[in-house]
Amino acid sequence: MAIRGVLRIGEVALRVLDMAAARRHYADYIGLIEVPVADTAQVYFKAWDEHDHHSLVLREAASPGLDYFAFKVFDDATLNQLTQRVEEAGLTVEHLPAGTYPHSGRRVQFELPGGHLMQLYAEKERTGNTLPTRNPGVLPDEGVVRGMRVSRLDHVLLAGPRLAESTQFFTEVLDFDLGEELIDNDSGMQLATFLCCSNKPHDIAFVLRNEPGGFHHVSFHLDSVADVYHAGDIMGKHNISVEVGPTRHGITRGATIYFYDPSGNRNEVFSGGYIHYPDLLPLTWDTTQLGHAAFAIDNQPRPSFFNVVT
Amino acid sequence: MRFEVLMADTAERFLCEPHQSVLDSMERLNRQDIPVGCRGGGCGVCKVQITHGEYLRRRMSRAHISAADEVAGIGLACCVIPLTNLTLSVVVGPNVPPPQLGAREHS
(Lines give C-alpha, C1' and ligand atoms only; values in the text may rest on other atoms or scores of the structure.)
Protein backbone atom coordinates (compact mmCIF):
# COMPACT_ATOMS: atom_id res chain seq x y z
CA MET A 1 0.00 0.00 0.00
CA ALA A 2 1.32 3.43 -0.84
CA ILE A 3 1.59 5.55 2.28
CA ARG A 4 -1.68 7.50 2.37
CA GLY A 5 -2.85 7.23 5.99
CA VAL A 6 -0.63 8.14 8.92
CA LEU A 7 2.64 9.39 7.41
CA ARG A 8 5.25 9.92 10.12
CA ILE A 9 6.03 11.29 13.52
CA GLY A 10 5.99 15.03 12.93
CA GLU A 11 6.28 16.61 16.35
CA VAL A 12 7.60 15.75 19.81
CA ALA A 13 7.10 18.14 22.73
CA LEU A 14 9.46 17.69 25.67
CA ARG A 15 9.90 19.35 29.04
CA VAL A 16 13.41 20.36 30.11
CA LEU A 17 14.80 21.63 33.40
CA ASP A 18 17.11 24.28 31.94
CA MET A 19 16.42 25.86 28.54
CA ALA A 20 19.90 27.30 28.05
CA ALA A 21 21.48 23.88 28.51
CA ALA A 22 18.79 22.29 26.31
CA ARG A 23 19.41 24.79 23.49
CA ARG A 24 23.11 24.01 23.57
CA HIS A 25 22.36 20.29 23.44
CA TYR A 26 19.70 20.20 20.73
CA ALA A 27 20.98 23.03 18.51
CA ASP A 28 24.74 23.23 18.94
CA TYR A 29 25.49 19.55 19.53
CA ILE A 30 22.71 17.57 17.84
CA GLY A 31 22.54 20.21 15.09
CA LEU A 32 18.82 20.97 15.01
CA ILE A 33 17.84 24.36 13.61
CA GLU A 34 15.99 26.67 16.00
CA VAL A 35 12.91 28.14 14.34
CA PRO A 36 11.78 31.51 15.70
CA VAL A 37 8.17 31.65 16.89
CA ALA A 38 6.68 34.88 18.27
CA ASP A 39 5.01 35.23 21.66
CA THR A 40 5.68 31.85 23.19
CA ALA A 41 7.71 30.39 26.03
CA GLN A 42 8.32 27.25 23.98
CA VAL A 43 11.41 26.81 21.82
CA TYR A 44 10.93 25.21 18.39
CA PHE A 45 13.42 23.22 16.31
CA LYS A 46 13.55 21.31 13.04
CA ALA A 47 16.09 18.95 11.53
CA TRP A 48 17.59 20.15 8.28
CA ASP A 49 15.91 17.66 5.92
CA GLU A 50 12.42 18.08 7.34
CA HIS A 51 10.17 20.22 5.18
CA ASP A 52 7.62 21.34 7.77
CA HIS A 53 8.02 24.31 10.10
CA HIS A 54 9.15 22.48 13.25
CA SER A 55 9.38 19.00 14.73
CA LEU A 56 10.75 19.35 18.27
CA VAL A 57 9.20 21.62 20.89
CA LEU A 58 10.85 22.30 24.25
CA ARG A 59 9.29 23.84 27.35
CA GLU A 60 11.06 24.62 30.60
CA ALA A 61 9.37 22.89 33.54
CA ALA A 62 10.00 21.43 36.99
CA SER A 63 10.23 17.87 35.67
CA PRO A 64 11.46 16.57 32.31
CA GLY A 65 9.47 14.19 30.11
CA LEU A 66 6.94 14.16 27.29
CA ASP A 67 4.12 16.70 26.95
CA TYR A 68 2.69 15.18 23.75
CA PHE A 69 3.70 13.76 20.40
CA ALA A 70 2.01 14.17 17.03
CA PHE A 71 1.82 12.17 13.80
CA LYS A 72 1.18 13.83 10.48
CA VAL A 73 -1.51 12.27 8.28
CA PHE A 74 -1.87 12.48 4.51
CA ASP A 75 -4.61 15.10 4.19
CA ASP A 76 -7.65 16.63 5.86
CA ALA A 77 -10.00 13.88 4.66
CA THR A 78 -7.67 11.29 6.21
CA LEU A 79 -7.73 13.27 9.44
CA ASN A 80 -11.54 13.16 9.42
CA GLN A 81 -11.61 9.41 8.79
CA LEU A 82 -9.04 8.65 11.47
CA THR A 83 -10.73 10.95 13.99
CA GLN A 84 -13.96 9.04 13.51
CA ARG A 85 -12.19 5.72 14.00
CA VAL A 86 -10.45 6.95 17.16
CA GLU A 87 -13.81 8.06 18.55
CA GLU A 88 -15.41 4.74 17.59
CA ALA A 89 -12.61 3.00 19.47
CA GLY A 90 -13.87 4.73 22.59
CA LEU A 91 -11.19 7.34 23.12
CA THR A 92 -12.16 10.88 24.05
CA VAL A 93 -11.03 13.18 21.25
CA GLU A 94 -10.25 16.83 21.83
CA HIS A 95 -10.51 19.05 18.74
CA LEU A 96 -7.84 21.76 18.62
CA PRO A 97 -8.59 24.39 15.96
CA ALA A 98 -6.01 25.71 13.48
CA GLY A 99 -3.65 28.13 15.15
CA THR A 100 -3.78 26.45 18.54
CA TYR A 101 -0.21 25.43 17.76
CA PRO A 102 2.01 27.84 15.82
CA HIS A 103 2.13 27.51 12.03
CA SER A 104 -0.19 24.49 12.33
CA GLY A 105 -3.57 23.46 11.05
CA ARG A 106 -6.22 21.85 13.21
CA ARG A 107 -5.32 18.86 15.32
CA VAL A 108 -7.09 16.15 17.27
CA GLN A 109 -5.71 14.98 20.60
CA PHE A 110 -6.41 11.90 22.69
CA GLU A 111 -4.81 9.93 25.51
CA LEU A 112 -3.41 6.48 24.77
CA PRO A 113 -4.03 3.57 27.16
CA GLY A 114 -0.50 3.98 28.54
CA GLY A 115 -1.11 7.58 29.54
CA HIS A 116 0.55 9.42 26.63
CA LEU A 117 -1.04 12.38 24.85
CA MET A 118 -1.09 11.85 21.10
CA GLN A 119 -2.14 14.24 18.34
CA LEU A 120 -2.92 13.85 14.65
CA TYR A 121 -2.72 16.69 12.13
CA ALA A 122 -2.68 17.11 8.37
CA GLU A 123 -1.36 20.65 7.94
CA LYS A 124 1.74 22.43 9.11
CA GLU A 125 3.43 25.32 7.34
CA ARG A 126 5.82 23.98 4.75
CA THR A 127 9.12 25.82 4.99
CA GLY A 128 11.34 23.39 3.09
CA ASN A 129 14.82 22.05 3.65
CA THR A 130 16.67 25.06 2.13
CA LEU A 131 16.97 23.29 -1.24
CA PRO A 132 14.57 24.34 -4.03
CA THR A 133 11.99 21.88 -5.37
CA ARG A 134 13.06 22.47 -8.98
CA ASN A 135 16.62 21.37 -9.62
CA PRO A 136 17.16 20.95 -5.89
CA GLY A 137 20.72 19.74 -6.03
CA VAL A 138 21.92 17.49 -3.25
CA LEU A 139 23.97 19.60 -0.87
CA PRO A 140 22.60 22.40 1.32
CA ASP A 141 24.72 25.49 1.97
CA GLU A 142 27.58 25.24 4.45
CA GLY A 143 26.26 25.29 8.02
CA VAL A 144 22.80 23.86 7.33
CA VAL A 145 23.94 20.31 8.06
CA ARG A 146 25.88 20.59 11.30
CA GLY A 147 26.46 19.10 14.74
CA MET A 148 25.55 15.42 14.73
CA ARG A 149 24.11 15.91 11.20
CA VAL A 150 20.68 14.49 12.09
CA SER A 151 18.36 14.66 9.10
CA ARG A 152 14.93 14.17 10.71
CA LEU A 153 12.95 12.73 13.60
CA ASP A 154 12.86 8.97 13.28
CA HIS A 155 10.63 7.57 16.04
CA VAL A 156 9.74 7.67 19.73
CA LEU A 157 9.67 4.89 22.32
CA LEU A 158 7.13 5.33 25.10
CA ALA A 159 6.86 3.49 28.42
CA GLY A 160 3.64 2.71 30.22
CA PRO A 161 1.04 0.16 31.27
CA ARG A 162 -1.60 -1.48 29.01
CA LEU A 163 0.97 -2.15 26.31
CA ALA A 164 -1.23 -4.63 24.45
CA GLU A 165 -4.06 -2.08 24.25
CA SER A 166 -1.78 0.64 22.89
CA THR A 167 -0.38 -1.79 20.34
CA GLN A 168 -3.85 -2.91 19.28
CA PHE A 169 -4.95 0.72 18.95
CA PHE A 170 -2.14 1.42 16.52
CA THR A 171 -2.68 -1.72 14.45
CA GLU A 172 -6.49 -1.72 14.36
CA VAL A 173 -7.41 1.97 14.47
CA LEU A 174 -4.44 3.72 12.87
CA ASP A 175 -3.48 0.90 10.41
CA PHE A 176 0.09 0.47 11.65
CA ASP A 177 1.80 -2.93 11.26
CA LEU A 178 3.35 -4.77 14.16
CA GLY A 179 6.94 -5.04 12.93
CA GLU A 180 8.55 -6.71 15.93
CA GLU A 181 7.77 -7.59 19.53
CA LEU A 182 9.65 -8.66 22.64
CA ILE A 183 7.75 -11.18 24.76
CA ASP A 184 8.35 -12.82 28.12
CA ASN A 185 9.49 -16.36 27.36
CA ASP A 186 7.44 -17.94 30.15
CA SER A 187 4.15 -16.07 30.02
CA GLY A 188 4.16 -14.89 26.40
CA MET A 189 3.29 -11.42 27.62
CA GLN A 190 4.39 -8.55 25.37
CA LEU A 191 7.12 -6.47 27.00
CA ALA A 192 7.83 -4.18 24.03
CA THR A 193 6.25 -3.63 20.60
CA PHE A 194 7.59 -1.90 17.49
CA LEU A 195 5.07 -0.47 15.03
CA CYS A 196 5.36 0.73 11.44
CA CYS A 197 3.26 3.11 9.34
CA SER A 198 5.91 3.44 6.64
CA ASN A 199 8.83 1.50 5.18
CA LYS A 200 10.87 2.08 8.35
CA PRO A 201 11.45 -0.81 10.78
CA HIS A 202 9.54 1.25 13.36
CA ASP A 203 7.79 4.60 13.54
CA ILE A 204 6.78 4.26 17.19
CA ALA A 205 7.49 1.72 19.91
CA PHE A 206 6.18 0.91 23.37
CA VAL A 207 7.79 -0.73 26.38
CA LEU A 208 5.85 -2.07 29.35
CA ARG A 209 6.15 -0.16 32.62
CA ASN A 210 3.84 0.22 35.60
CA GLU A 211 3.86 4.01 35.75
CA PRO A 212 1.84 5.72 32.97
CA GLY A 213 3.10 8.37 30.56
CA GLY A 214 6.80 7.47 30.62
CA PHE A 215 9.12 8.85 27.97
CA HIS A 216 11.86 6.43 26.91
CA HIS A 217 13.47 8.25 23.99
CA VAL A 218 13.18 10.35 20.87
CA SER A 219 15.31 9.14 17.98
CA PHE A 220 16.95 11.20 15.26
CA HIS A 221 17.87 9.74 11.88
CA LEU A 222 21.39 9.70 10.49
CA ASP A 223 22.28 8.84 6.90
CA SER A 224 25.08 6.39 7.66
CA VAL A 225 26.80 4.32 10.32
CA ALA A 226 29.84 6.57 9.82
CA ASP A 227 27.64 9.46 10.94
CA VAL A 228 26.75 7.48 14.08
CA TYR A 229 30.45 7.46 14.98
CA HIS A 230 30.73 11.16 14.15
CA ALA A 231 27.78 11.80 16.50
CA GLY A 232 29.59 9.75 19.14
CA ASP A 233 32.69 11.89 18.69
CA ILE A 234 30.58 14.98 19.40
CA MET A 235 29.17 13.33 22.53
CA GLY A 236 32.68 12.55 23.75
CA LYS A 237 34.01 15.99 22.96
CA HIS A 238 31.22 17.75 24.84
CA ASN A 239 30.91 15.25 27.67
CA ILE A 240 27.30 14.36 26.80
CA SER A 241 25.85 11.61 29.01
CA VAL A 242 25.92 8.37 26.97
CA GLU A 243 23.97 5.26 27.96
CA VAL A 244 25.18 2.77 25.35
CA GLY A 245 26.79 2.61 21.95
CA PRO A 246 27.75 2.83 19.24
CA THR A 247 26.18 -0.58 18.78
CA ARG A 248 23.41 -2.25 16.77
CA HIS A 249 19.92 -3.14 17.89
CA GLY A 250 18.82 -6.70 17.24
CA ILE A 251 15.27 -5.41 16.98
CA THR A 252 15.14 -3.18 13.85
CA ARG A 253 18.85 -3.89 13.03
CA GLY A 254 19.53 -0.16 13.33
CA ALA A 255 22.90 1.27 14.37
CA THR A 256 22.48 3.32 17.52
CA ILE A 257 23.79 5.44 20.33
CA TYR A 258 21.52 6.12 23.31
CA PHE A 259 22.39 9.32 25.12
CA TYR A 260 20.68 11.87 27.35
CA ASP A 261 19.87 15.55 27.11
CA PRO A 262 20.97 17.72 30.09
CA SER A 263 17.58 17.14 31.79
CA GLY A 264 17.75 13.37 31.50
CA ASN A 265 15.45 12.88 28.50
CA ARG A 266 16.89 10.01 26.48
CA ASN A 267 17.85 10.70 22.85
CA GLU A 268 19.00 8.32 20.15
CA VAL A 269 20.87 8.64 16.89
CA PHE A 270 19.76 5.86 14.57
CA SER A 271 20.83 4.70 11.13
CA GLY A 272 20.02 1.76 8.92
CA GLY A 273 17.70 -1.08 9.72
CA TYR A 274 15.76 -3.06 7.17
CA ILE A 275 12.93 -1.94 4.89
CA HIS A 276 9.51 -2.81 6.22
CA TYR A 277 6.63 -3.82 3.96
CA PRO A 278 3.06 -4.43 5.13
CA ASP A 279 3.13 -8.06 3.95
CA LEU A 280 6.02 -9.04 6.24
CA LEU A 281 5.29 -11.27 9.21
CA PRO A 282 5.92 -9.76 12.65
CA LEU A 283 9.25 -10.77 14.20
CA THR A 284 9.15 -12.06 17.77
CA TRP A 285 12.04 -11.99 20.24
CA ASP A 286 11.73 -13.59 23.64
CA THR A 287 13.52 -12.90 26.91
CA THR A 288 15.93 -15.81 26.42
CA GLN A 289 17.52 -13.50 23.80
CA LEU A 290 16.90 -10.21 25.59
CA GLY A 291 20.48 -9.01 25.28
CA HIS A 292 20.72 -9.83 21.58
CA ALA A 293 17.35 -8.22 20.89
CA ALA A 294 18.40 -4.98 22.57
CA PHE A 295 22.09 -4.66 21.66
CA ALA A 296 23.18 -7.21 19.10
CA ILE A 297 26.96 -6.77 19.29
CA ASP A 298 27.75 -7.42 22.96
CA ASN A 299 24.37 -9.08 23.66
CA GLN A 300 24.22 -7.40 27.05
CA PRO A 301 20.88 -6.01 28.22
CA ARG A 302 21.23 -2.77 30.17
CA PRO A 303 19.07 -2.43 33.30
CA SER A 304 18.91 1.28 32.50
CA PHE A 305 16.96 0.42 29.31
CA PHE A 306 14.05 -0.57 31.54
CA ASN A 307 14.46 1.70 34.56
CA VAL A 308 15.55 5.06 33.15
CA VAL A 309 12.63 7.07 31.76
CA THR A 310 11.46 10.63 32.23
CA MET B 1 39.53 21.19 47.30
CA ARG B 2 38.45 17.60 47.32
CA PHE B 3 35.85 16.22 49.71
CA GLU B 4 35.24 12.69 50.88
CA VAL B 5 31.97 10.80 50.45
CA LEU B 6 31.22 8.12 53.04
CA MET B 7 28.64 5.54 51.99
CA ALA B 8 26.82 4.95 55.27
CA ASP B 9 25.60 1.44 54.44
CA THR B 10 28.90 -0.03 53.24
CA ALA B 11 31.49 2.22 54.98
CA GLU B 12 33.07 2.69 51.54
CA ARG B 13 34.71 6.07 50.93
CA PHE B 14 35.70 7.96 47.81
CA LEU B 15 36.95 11.42 46.93
CA CYS B 16 35.00 14.00 44.95
CA GLU B 17 36.77 16.34 42.59
CA PRO B 18 36.06 20.08 43.03
CA HIS B 19 32.81 21.34 41.48
CA GLN B 20 31.83 17.84 40.35
CA SER B 21 28.73 15.94 41.34
CA VAL B 22 28.97 12.96 43.66
CA LEU B 23 27.90 10.66 40.81
CA ASP B 24 30.40 12.15 38.35
CA SER B 25 33.27 11.66 40.79
CA MET B 26 32.15 8.11 41.56
CA GLU B 27 32.02 7.17 37.86
CA ARG B 28 35.43 8.70 37.17
CA LEU B 29 36.83 6.37 39.85
CA ASN B 30 35.12 3.45 38.11
CA ARG B 31 33.12 2.73 41.24
CA GLN B 32 29.55 1.44 41.51
CA ASP B 33 28.42 2.66 44.92
CA ILE B 34 25.32 4.43 43.53
CA PRO B 35 23.13 3.34 40.58
CA VAL B 36 23.67 5.47 37.46
CA GLY B 37 20.81 6.67 35.30
CA CYS B 38 20.51 9.72 33.04
CA ARG B 39 23.08 11.88 34.92
CA GLY B 40 20.84 14.91 34.33
CA GLY B 41 18.50 15.03 37.33
CA GLY B 42 15.63 13.57 35.34
CA CYS B 43 15.15 9.87 36.02
CA GLY B 44 15.58 9.51 39.79
CA VAL B 45 17.73 6.37 39.65
CA CYS B 46 20.66 7.82 41.67
CA LYS B 47 18.55 8.98 44.61
CA VAL B 48 20.47 9.33 47.89
CA GLN B 49 19.78 10.36 51.47
CA ILE B 50 22.45 12.76 52.72
CA THR B 51 22.79 12.53 56.49
CA HIS B 52 25.85 14.66 57.07
CA GLY B 53 27.60 17.52 55.29
CA GLU B 54 26.83 20.49 53.08
CA TYR B 55 26.37 20.61 49.34
CA LEU B 56 25.03 22.52 46.36
CA ARG B 57 22.14 21.15 44.34
CA ARG B 58 21.58 21.42 40.62
CA ARG B 59 17.97 21.47 39.42
CA MET B 60 16.33 18.05 39.83
CA SER B 61 13.03 16.65 38.55
CA ARG B 62 10.16 17.44 40.92
CA ALA B 63 8.70 14.12 39.84
CA HIS B 64 11.45 12.47 41.90
CA ILE B 65 12.57 15.06 44.47
CA SER B 66 9.86 17.08 46.21
CA ALA B 67 10.51 20.30 48.11
CA ALA B 68 10.06 18.28 51.31
CA ASP B 69 12.64 15.76 50.08
CA GLU B 70 15.14 18.55 49.54
CA VAL B 71 14.62 19.80 53.09
CA ALA B 72 15.05 16.23 54.35
CA GLY B 73 18.40 15.85 52.58
CA ILE B 74 17.16 13.59 49.79
CA GLY B 75 18.64 14.33 46.39
CA LEU B 76 19.95 12.88 43.15
CA ALA B 77 23.67 12.15 43.31
CA CYS B 78 24.15 13.48 39.75
CA CYS B 79 23.02 16.90 40.99
CA VAL B 80 24.69 16.99 44.43
CA ILE B 81 27.99 18.89 44.57
CA PRO B 82 29.83 18.57 47.90
CA LEU B 83 30.91 21.65 49.87
CA THR B 84 32.15 19.54 52.80
CA ASN B 85 32.70 15.83 53.39
CA LEU B 86 29.36 14.01 52.96
CA THR B 87 27.76 10.94 54.48
CA LEU B 88 25.01 9.43 52.37
CA SER B 89 23.13 6.26 51.52
CA VAL B 90 21.36 4.99 48.42
CA VAL B 91 17.57 5.32 48.45
CA VAL B 92 16.00 2.38 46.68
CA GLY B 93 13.12 3.95 44.82
CA PRO B 94 10.47 2.66 42.42
CA ASN B 95 12.98 2.76 39.57
CA VAL B 96 14.34 -0.75 39.86
CA PRO B 97 14.42 -2.97 36.79
CA PRO B 98 11.93 -5.80 36.50
CA PRO B 99 13.98 -8.55 38.17
CA GLN B 100 12.89 -11.26 35.75
CA LEU B 101 14.42 -9.39 32.83
CA GLY B 102 18.01 -10.24 32.12
CA ALA B 103 18.13 -12.98 34.70
CA ARG B 104 17.53 -15.59 32.01
CA GLU B 105 20.03 -14.15 29.60
CA HIS B 106 22.45 -17.02 29.98
CA SER B 107 19.97 -19.81 30.61
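The structure reproduced in this document is the subject of the present report.

### Section: the pairing of strand S11 (residues 190-196) of chain A
Residues and elements named next belong to chain A.
Here is step 1: Most of S11 is tucked away: seven of the seven residues are buried.
Here is step 2: With six bridges connecting them, strand S10 (residues 177-183) and S11 associate as antiparallel partners. Bridge assignment links leucine 182 to a residue of S11, and that residue is alanine 192.
Here is step 3: Taking the residues between adjacent antiparallel strands as the criterion, S10 and S11 are bridged by six residues, where glycine 188 takes a positive phi near 80 degrees.

### A word on the nonpolar core
One recurring pattern in soluble globular proteins: nonpolar side chains tend to sit buried together.
Here is step 1: Core analysis: the largest hydrophobic core is formed by 61 residues, its most contacted members being Phe170 and Leu174 of chain A.
Here is step 2: Each of domain 1 (6-121) and domain 2 (152-307) of chain A contributes no fewer than three residues to this core.
Here is step 3: Those residues in contact with phenylalanine 170 of chain A that sit more than four places away from it in its chain are Phe69, Leu112, Met118, Asp175, Phe176, Leu195, Ile204 and Phe206 of chain A.
Here is step 4: Membership of the second largest hydrophobic core comes to 22 residues, among which are Cys16, Ile50, Ile74 and Cys79 of chain B.

### Things to note about the environment of alanine 98 of chain A
Here is step 1: Mapping alanine 98 of chain A onto the fold places it in the loop between strand S6 (94-96) and strand S7 (107-111).
Here is step 2: For alanine 98 of chain A and histidine 202 of chain A, which are 104 residues apart along the polypeptide, the C-alpha to C-alpha distance reads 29 Å.

### As for the pattern of salt bridges
Residue and element names in this part refer to chain A.
Here is step 1: Taken as a whole and assessed by the stated rule, the structure comprises 25 salt bridges over all chains.
Here is step 2: Ionic pairing is found between arginine 23 and glutamate 34, a salt bridge with its closest N-O pair at 2.9 Å. Of the two residues, arginine 23 is situated in helix H1 (residues 19-29) and glutamate 34 in strand S2 (residues 33-35); the sequence distance between them amounts to eleven residues.
Here is step 3: Classification of arginine 23 by relative accessible area gives partly exposed; the value is 35%.
Here is step 4: Glutamate 165 is the salt-bridge partner of arginine 162, the closest N and O atoms lying 2.7 Å from each other.
Here is step 5: Classification of arginine 162 by relative accessible area gives partly exposed; the value is 47%.
Here is step 6: The class of glutamate 165 is partly exposed, set by a relative accessible area of 37%.
Here is step 7: Ionic contacts of the salt-bridge type, sharing partners, join the residues Arg8, Asp52 and Lys72 into one network.

The rules behind each value
- Residues numbered from 1 in each chain as written.
- Chains lettered and ligands numbered in written order.
- Predicted model: local features only at pLDDT ≥ 70, side-chain atom pairs only at ≥ 80, totals over all residues.
- Heavy atoms only, no water.
- Buried < 20%, exposed > 50% of the residue type's maximum accessible area, 1.4 Å probe, protein only.
- Helix = DSSP H or I, 4+ residues; strand = E, 2+ residues; numbered from the N terminus.
- Pairing = 2+ DSSP bridges.
- Core = buried A, V, L, I, M, F, W, Y, C linked by side-chain atoms within 4.5 Å.
- Domains from an automatic or database assignment.
- Contact = heavy atoms within 4.5 Å.
- Salt bridge = Lys/Arg side-chain N within 4 Å of Asp/Glu carboxyl O.

Read these as layout, nothing more, since geometry by itself doesn't imply function.
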